[in-house]
Amino acid sequence: MNSDRPVALITGVSGQDGSYLSELLLAKGYQVHGMVACGHAPGHCPPEVVLHHGDLADGSNLGALLDAVRPHEVYNLAAQSHVQLSFEMPVYTANVAGLGVLRLLEAIRIHQARTGDAVRFYQASSSEMFGRAVETPQTERTPFHPRSPYACAKVFGYWQTVNYREAYGLFACNGILFNHESPRRGETFVTRKITRAAARIKLGLQHELRLGNLDASRDWGFAGDYVEAMWRMLQYDQPDDYVIATGCTHTVHDFLDAAFGRLDLDWTRHVQIDPLFLRPAEVDVLRGDATKARTQLGWQPRVAFDELVCMMTDADLQLAQREKRMET
Ligand code: G4F
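**Q** Can you lay out the overall build of the protein for me, pointing to particular residues and giving the numbers?
**A** Secondary structure assignment for the protein yields ten helices and 13 strands. Computed over C-alpha atoms, the radius of gyration of the protein comes to 20 Å, within 12% of the 20 Å expected from 2.2 N^0.38 for 328 residues, which places it in the range of a compact globule. Principal-axis analysis of the C-alpha atoms places the extent of the protein at approximately 60 × 50 × 40 Å. Counting every position in the protein, which comprises 328 residues, the buried fraction comes to 52%. In the protein, once contacts between residues fewer than 6 apart in sequence are set aside, the share between residues at least 24 apart is 77%. About 14,200 Å² of surface is accessible on the protein, with carbon and sulfur atoms providing 51% of the total. For the protein, the centre of its 32 positive side-chain charges and the centre of its 39 negative side-chain charges are spaced 1 Å apart.

Here's what the structure looks like:
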């Protein structure tokens, strides 16, 4: 271990959040290690990140990985994070997004006891835990009512994190992150699916976009802002749990208006409702109140909804232009 530089280990480093968090930590002088599940490409992960194979569904090499990396901070971003897919693969989802958290926490507890290292732990909890929310906006005190196998698994991971803090004194924090997007968002999530399709439709590369429930409302922020909140949680004096959100909510309709409007397109001419994308149980409205993160951590989102949609649509237009050039 390089004792001069802080060392971070990020699980799920190949995802959207892993790439932004890696960039942030590298810029702060960290040595960054990332855990990548078998078969996953490194994605947008910067080349300076030291990659290790590992899977929270297995867990057998977590202890050896902690011994090799000796991290000061562990960010657990790994999960099967697609809500609709979790209805089709509930056991796998619970294994990775739920039990996987426990495997990692237990490995850290044993590693700390054996080496005397002090490890700070961040758990990627989710606004999906509020589900059929009993109040709006949702805060750290709002009760959970999960509405999918994914959300149930996240509730399990949330409480394991709290329990390791209370039972063993582990510096463990839950970031209850509301939806956060970017040009690096996976293409099956609704925002990226829309901006990618709008750009391709604009250039004549596709004509139709098939979607599910357009009335769902989400508190959408920029992923680059949200990873800074993760880091701030682990720098604070005390471990705690925080809602990270913009405080504004928009429907999928609103997102379509903004993305297609950016390209002077009328989405009603292209969007078809397809029952394939409707979920057995839906989360209708989410809106978070991040007052605690603002006052205790000094965190606030910088990118507002309209700016986010433009950023994503413009990036996807460039991508579609490259695609079109390759075609001709
Ligand atoms: O983009 P979504 O798939 O995100 P969802 O389900 O809100 O979950 C995301 O945010 C959570 C909170 O941070 C994370 F925990 C989770 O891992 C994930 O990142 O869907 C948003 C809304 C839903 O109501 C969905 O029913 O859009 C609706 N929707 C309508 N048509 C669609 C589609 N969602 C998807 N993925 N694809 C559609 O065609």
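That covers the picture; the talk isn't over yet.
**Q** I'd like to hear about the packing of aromatic side chains, residue by residue, with values.
**A** Working definition: an aromatic ring pair is given by the centre-to-centre distance plus the angle between the planes. Counted by the stated rule, this structure contains twelve aromatic pairs. Here the aromatic rings of Y20 and F222 are separated by 5.6 Å at their centres, their planes lie at 75°, and the arrangement is edge-to-face. Remark: F222 occurs in strand β10 (residues 221–222) and Y20 occurs in helix α1 (residues 16–27); sequence separation between them is 202 residues. In this structure, Y20 and F222 share a single accessibility class: buried. A centroid spacing of 5.8 Å and a plane angle of 80° characterise the contact between F255 and F305, whose relative ring orientation is edge-to-face. Here F255 is found in helix α8 (residues 252–262), whereas its partner F305 is found in helix α10 (residues 305–327), with 50 residues between them in sequence. A relative accessible area of 10% means that F305 is categorised as buried. Members of the aromatic cluster, joined through ring pairs, are F130, F144, Y158, W159 and F178. The lysine or arginine in question, K28, covers the ring of W231, its NZ or CZ lying 3.9 Å from the ring centre.

Conventions adopted
- Residues numbered from 1 in each chain as written.
- Predicted model: local features only at pLDDT ≥ 70, side-chain atom pairs only at ≥ 80, totals over all residues.
- Heavy atoms only, no water.
- Helix = DSSP H or I, 4+ residues; strand = E, 2+ residues; numbered from the N terminus.
- Rg over C-alpha atoms; globule rule 2.2 N^0.38 Å.
- Buried < 20%, exposed > 50% of the residue type's maximum accessible area, 1.4 Å probe, protein only.
- Contact = heavy atoms within 4.5 Å.
- Areas by Shrake-Rupley, 256 points an atom, 1.4 Å probe, with all protein chains shown as cover.
- Lys, Arg positive; Asp, Glu negative; His and termini not counted.
- Charge placed at Lys NZ, Arg CZ, Asp CG, Glu CD.
- Phe/Tyr/Trp six-rings, centres within 6.5 Å; stacked < 30°, edge-to-face > 60°.
- Lys NZ or Arg CZ within 6 Å of the ring centre and 35° of its normal.

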